[in-house]
Structures are given as C-alpha cells and as structure tokens.
Amino acid sequence: MRLGWFLLFFCPLLLLPVTVSEEQRVPGDKLLVVTVATKETDGFRRFLRSAEHFNYTVKVLGQGETWRGGDYMSAPGGGQKVRLLKAALGEMKDEDKVILFIDSYDVVFASGPKELLKKFQQAKHKVVFSSESLIWPDRHLEDKHPHVREGNRFLGSGGFIGYLPNIKELVSDWTGEDSDSDQLFFTKIYIDPAKKKSINITLDSKCRLFQNLHGALDEVVLKFEDGRVRARNVLYDTLPVIVHGNGPTKLQINYLGNYIPNSWTFETGCTVCHDDLHPLTALKESEYPLVAIGIFIQQPTPFVSVFFERLLKMQYPKNRLKLFIFSQEPHHERHVTSFLRDHGSLYRDVRVLGPEEEMDGAASRNLGFDMCRKDEDCDYFFSLDIEVVLKNDNVLKILIEQNLPIVAPMITRVGRLWSNFWGALSADGYYARSEDYVDLVQGRREGVWNVPYVTNVYLVKASLLRTELTDYELFNSHILDPDMAFCHNVRIKGIFMYVTNMHTFGRILSTDNYQTSHLHNDLWQIFENPQDWEDRYIHENYSLIMKTNLMETPCPDVYWFPVFSDIACNHLVEEMENFGQWSGGANTDTRIQGGYENVPTIDIHMNQINFDKEWRKFLLEYIAPITEKMFPGYYTQVRLQPTSSLSSPLNEELNSS
C-alpha cells in the first residue's frame, strides 16, 4: 500500500522538468541573425535565399563599406567583422535576444530557427561557437585548448550563437585593427579559463549546430529526406543547421549549395531554376540585349561549314549580334571567308583575326572580352569554340533568360562522359569527378548547377567584365591552360559559374586524328564523329526504310532506296575528280589481285584515296541492315580483300560515269 502511494507521489515529479523546459524555450522571434557583407556577391545572395527559405530574420552589417579585413585564404584577418558587430550590439537593448553571428559568402542554412534554438538550449551554455578539427591561426596555442570528451577541440569564429548580454561581453574588449584576426581574438578568450567561465562559452564539438567543412570533407555527405536536403556528419551522426565552407572549401560549399536546403530534390527536381529569370518574350527584337559572339578556331576541325550553317540558324536577331572571329588555322580561312561573303552583312558588326596576326589562344580571348568590356552597348559575351555543335537554335535566349553571371549550356561528346564542365577540382586544380557528375551528364538530374570550371561555350555578362573581371589578362597563366586560367581568376573573385542541363543543347566534336590532306576531309569522320557524319552525309529519309516500305524495285532484283544526302554524293564525286587517277577501263588492272578485271570500268578504287576502311564502315552501318531486312537469314560481314579493297567491284569503286 505504501509503495502505491509512493508511485503516485513520485511520477508527477518526473514530468516536471520536461514541462519547465517547454515553457522556457526561446521563441523564434527572439532570434536575430547578424552577418557582415560589404558587397553583394553570388555567395551572399545564396545565403539570403537559404535564410528566407526558413524565415530567419537577418541584419546585414557593413554594406557599402570597403573591406579591410584581409584575405582568409592567405593570412589571418576578419577584425572588421568584430568592430561592426560590437557597434551594432551597442544599439540593442533586449537582453532576451539571441544573436547568431555567422559569415555569409560561404554559408547556407540547412534547417530553421526552431531546430537551431532547440540545439542551442540543449548545449546549456550562454554562448556556443562552431568547432574545427584544425587549429588556426596560431598553432602554438594548441596545448592551451581545453580537451573535449568527443568531437572537435578547436574554436571556429565563422559562426557562434548566444544571448545578447553574453555576446556583448564577448566583444567588449575588442580594440584591434580591421585586418587583425577575429579567430585569434575569440580563441584567446576561449582558452582563458576566467573569461570562458564568465561569458559561459562552449564549443559545438559534434557539429549539431555548425558544420565547418575545412578538415571535415570526408565526414560530410548529402542526406535526401522528404523533399529537402541536409548535410549529415557521418562521424558524429549529426545534422548541422548551418554549413560553412571555411578556408579552402569554397568549392565544396558550392557543391552542397546546389542541393541544400531544397535547391534540388528527387521529389521536386530543381526548385530554383526559374527564380530571378530575365524573360525576353515581352521585348521587341530591337530591345534584345546586344551580344558579342566570340568564335575561336585554334586547330583543324571537322564540319566547320556546318558550324556556320548552324550559327546562321540561331534564333536571335542578327542586328543584335556582333561577331568576333579568331582563326589560327589557315585550313579554315576559306570557310570563314565564304560565310562572311554570303552572310556577314546580316550582323551588326564583324571583326576577323586571321593566322597572319600570329596571336595565340589566350591573347585572342583576352581581346574578345576586352572589346565587349569597352563597348558600352555590349550586354553579353558569348564564347563559342569551333568544335561545338549547337543543336538548339534557342541557346542564346535560354542562357540570357537564366540571368546568371556566367552560364554554360551542357554539351557532351557522343558515347562518352566527357563534357564542357567539371563538377569538382583536384588538389592541384585539375579535373576531379564530383559525386553527381555522371547523373548530370546523363541527364538523371536536371537543373542549373554551380560548378568550378566551364569551357568551350558559355555566356558572360558584360557588366561583370566592367566591374569584377576588369583584368585584361584573364586567360593568361604561366602554368595553366587559358580556359583553366580564366576559371581560376573567376573563382578567386567569388563569382559563380553555372552549367545548365535543363535542355538538350548539342555536343562537342572530336578533333583527334583530323586530317586535312583531302578536298572534303569530313568524309573521313565516320569513326571519330559518327553522329555528325550521319547528319551530314546520310539521307534524311534513310531511317524510314526500316519502318516503312520506302523501297523501290525499278527492275527485278534491283532495290532503290535513299541512303546518301545530296552533299555526300557531291563530295564523293568531287573527291574522286580531285584525285583524278582514273583507270583506263581495260581488262588488265594492276590494282587488283591477279591483275585481271573481268568487267572493266573507268573507275577509282576506294583504297586509292585511303577511304576503304571508311567505306566498309559505311556498308556495315547503313547497307548491311537493309540487306538483312530484304534477305532474312543472310548476314554480311563486308570482308576486305587482302589488297584492302572491298569484296565486290560494285562496292569498292565509284564509276566515273
């Protein structure tokens, strides 16, 4: 009986702490996010988007000021942030206010105020700093840091949260210069037992609130859950509320920012791809942005004439386009001259630099950018390499409407994972494969992606060239190729580069093994660029043969169907005429085994122009399927004779008639 009374008396006491905890929970309107941003960068705009997504209240300090806080990548700094924070706190009176002070250029929120405040209160301290596994900037202070039972031991100044009176006390002794180290200032307070106790400071050692990426890249993975994305620390099994790309981890926060908090999810796809667009539909054509197109020809390239045909078909007002054509390759001068002779007058302006200028690729690109930079009418520079095959005629409109500083349409090489962007960089600044690279290239994830490197084809805002990218020699480097040098210079300015795979834009040609010794060199591209070869030389109705009865029989055992395009027929005839070594039409023929021709014709064999392998490939790809359809059960291998000619005179020669 006494036991029963004891239980009735004791159980309510067990519930009491939980009830008190609920009553003492800090309301969300008491939280104020404070950050410093002297200018509005791409990273700052990303930070604000994530804050707005979770309805954080943000106060921005230092807007319009000149940044004098140093460069974190090369030396300690950040004192300017402490000065600005101290001044702002002096105007705040609500002692119940909770202040979250964080960086902004390299920070994203992964969750909202409710979770942040709950985890802050669970820390049971008045001020909580983010933590790091690496000590910086003074390694000599390592032994003075308090040991922790589990987690990171060292303080990170890029994020801390606390009650207003305690934060005021934290910064009250600041008298340093703007270029002094904020991290060193806060570290010395933390390792001072008296100050640490007075302010009541602790570290978020297990990354429950703050995740600093420097020194922790192997610990952090993306966690997709119910239409949102979190960063998960697998070492401590925590879901941090704030992710900070501190130090040299800017590319990693850019990668995570492609997803966190909900930029792209498996349920919704891309949720931000239609934000801040610059639609052209409401504009008259005369009001379209003026675009300078830089065309760069730096090596012998197949299908150059087709490139210019596609350029002409681009759906954009020609009088709003200026052409800057740089050709380092004498072989293609005739293609450039022919295009400009027939169509150059359609464009607002044309400038051509030929091989005689003796200018290299970096210099030509610097010049092209500078022409747009100095032209007050120029709104965009569209950099386009000659090996790019743009199949989407609306590419310029699509890129302009994205309203991004630098954006590239994703193009790939047929049958390969090669593309015109990199998803990550190695430690030495070269290609590394990001976790999502294959999914992006193969189209399993569609969106607009922040990436560290683009090449071959991309659009740049001219306003960017006049403000952030004013250096003339953007493409110059003693150790990097021009495209890598350009992207490096863009990255160190904190400017984001994007690639979009929301549309199918085209592909990039292989220039390997391209020979220029023939009249029509593109005929030999059936191996290196089979899709472009087919587009150029196979009849547009060829594919209908397998689906319909598009086959005529003008006489018994003769089948007539479309296979070659008119251009293919013309090029083959012209190639043979250019070779010119026709046989005499006699029975004696030293070109074939045995030297005797039963049915002589005046002809040129394919192996005489080194076209026998290409001809055999053509027969296998385009003729063999037809014969197998017409004669079921029979299969052809199109075997070559020992002389490298084909198995039948009909297949190996083109009659002069």
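In the nomenclature of an unreviewed UniProt entry, the chain corresponds to PLOD1-3-like GT domain-containing protein from the organism Solea senegalensis.

Glancing now at the overall build of the chain. A count of helices and strands for the chain gives 19 helices and 31 strands. A separation of at least 24 residues holds for 75% of the contacts in the chain among residues at least 6 apart in sequence. As displayed, the chain offers around 32,500 Å² of accessible surface, 50% of which is attributable to carbon and sulfur atoms. The chain carries 68 positive and 88 negative side-chain charges, and their two centres are separated by 10 Å.

Time to look at the sheet that holds strand 2 (residues 58-61). Hydrogen bonds between backbone atoms are what pair the strands of a sheet, whose relative direction is either parallel or antiparallel. With respect to topology, 6 strands assemble into an open sheet ordered 2-1-3-6-5-7, the strand pairing being mixed. The open sheet terminates on both sides in strands that have one partner only, identified here as strand 2 and strand 7 (201-203). Here the average twist between neighbouring strands, direction ignored, is 25°. Both strand 5 (residues 127-132) and strand 6 (residues 154-163) contribute to a ladder of 6 bridges, which runs antiparallel. Note that in strand 6 the partner of F129 across the bridge is F160. This element, helix 6 (residues 182-190), spans strand 5, strand 6 and strand 7 of the sheet and lies at about 75° to strand 6.

Moving on, we come to helix 12 (residues 395-402). Most of helix 12 is tucked away: 6 of the 8 residues are buried. At the C-terminal side of helix 12, N403 shows a positive phi close to 60°.

Among the 9 residues that make up helix 6, 7 are buried, leaving the element largely enclosed by the rest of the structure. Along helix 6, the positions that sit buried rather than exposed are D182, Q183, F185, F186, T187, I189 and Y190. Turning to helix 6, the residues buried within the fold contact helix 3 (79-89), strand 5, strand 6, helix 5 (164-171), helix 7 (193-199) and strand 7. Two or three places before Q183, at the opening of helix 6, S181 has a side-chain oxygen 3.4 Å from that residue's backbone nitrogen.

Our focus in this paragraph is the sheet that holds strand 17 (residues 380-385). In spatial order, the strands read 16-15-14-17-25-19-26-23; together these 8 strands make up an open sheet with mixed pairing. At either margin of the open sheet sits one strand with a lone partner, and together these are strand 16 (349-353) and strand 23 (448-451). Direction aside, the axes of adjacent strands within the sheet are offset by 20° on average. Inspection of the sheet shows strand 14 (residues 291-297) paired to strand 17 by 6 bridges, in the parallel sense. Its bridge partner lying in strand 17, F296 is registered against D385.

All right, on to the state of the cysteines then. This structure, assessed with the given rule, holds 2 disulfides. At a sulfur-sulfur separation of 1.8 Å, the disulfide partner of C270 is C273. Sign of the S-S torsion, about 100° for the bond between C270 and C273, identifies this disulfide as right-handed. Residue classification places C270 among the buried positions, given a relative accessible area of 18%. Sulfur-sulfur distance for the disulfide between C372 and C378 comes to 2.1 Å. In this structure, the disulfide formed by C372 and C378 twists by about -85° around the S-S bond and is classed as left-handed.

Right, let's talk about unusual backbone geometry for a bit. Omega for the bond connecting W136 with P137 falls within 30 degrees of zero, at 10°, which places this linkage in the cis form. Residue placement: P137 occurs in the loop between strand 5 and strand 6. Omega for the peptide link from I260 to P261 comes to -5°, which places this bond in the cis form. With respect to the helices, strands and loops of the structure, P261 is situated in the loop between helix 8 (250-257) and strand 12 (264-265). Its identity as a non-glycine residue notwithstanding, K124 has a phi of 60°, on the positive side. With respect to the helices and strands, the residue K124 is situated in the loop between helix 4 (113-122) and strand 5. Positive phi outside glycine occurs at E358, with the angle close to 50°. Secondary-structure assignment places E358 in the loop between strand 16 and helix 11 (361-374). Given the relative accessible area of 75%, E358 is considered exposed.

With that settled, consider the packing of helix 3 against helix 5. Between helix 3 and helix 5, whose axes approach to 10 Å, the crossing angle comes to 135°. The angle between the axes of helix 3 and helix 5 places the two elements in the oblique class. Handedness of the crossing formed by helix 3 with helix 5: left-handed. On helix 5, the residues that touch V82, L85, K86 and L89 of helix 3 are L164, I167, K168 and V171. Residue composition of the contact of helix 3 with helix 5, by class: 6 nonpolar, no polar and 2 charged.

With respect to the helices, strands and loops of the structure, N392 is situated in the loop between strand 18 (388-390) and helix 12. We classify N392 as buried; its relative accessible area is 15%. Of the polar contacts made by the side chain of N392, one reaches the backbone oxygen of T504; its length is 3.3 Å. Not counting residues within four places of it along the chain, the set of residues in contact with N392 comprises I398, H503, T504 and F505.

This part is about the side chain of R230. Positionally, R230 belongs in strand 10 (residues 228-233). A polar side-chain atom of R230 sits 3.4 Å from the main-chain carbonyl oxygen of A110. Setting aside chain neighbours within four positions, we find R230 in contact with A110, S111, E115, K119, V221, L222, K223, E225, L239, P240, V241 and I260.

Definitions and cut-offs
Residues numbered from 1 in each chain as written. Predicted model: local features only at pLDDT ≥ 70, side-chain atom pairs only at ≥ 80, totals over all residues. Heavy atoms only, no water. Helix = DSSP H or I, 4+ residues; strand = E, 2+ residues; numbered from the N terminus. Contact = heavy atoms within 4.5 Å. Areas by Shrake-Rupley, 256 points an atom, 1.4 Å probe, with all protein chains shown as cover. Lys, Arg positive; Asp, Glu negative; His and termini not counted. Charge placed at Lys NZ, Arg CZ, Asp CG, Glu CD. Pairing = 2+ DSSP bridges. Axes fitted to C-alpha atoms, helices over the stretch in contact; angles between N-to-C directions. Buried < 20%, exposed > 50% of the residue type's maximum accessible area, 1.4 Å probe, protein only. Polar contact = N/O pair within 3.5 Å; in protein donor to acceptor, adjacent residues only side chain to side chain. Disulfide = S-S within 2.5 Å. Parallel < 35°, antiparallel > 145°, perpendicular 65-115°, else oblique. Left-handed = near helix turned anticlockwise from the far one by under 90°. Nonpolar A, V, L, I, M, F, W, Y, C, P; charged D, E, K, R; others polar.

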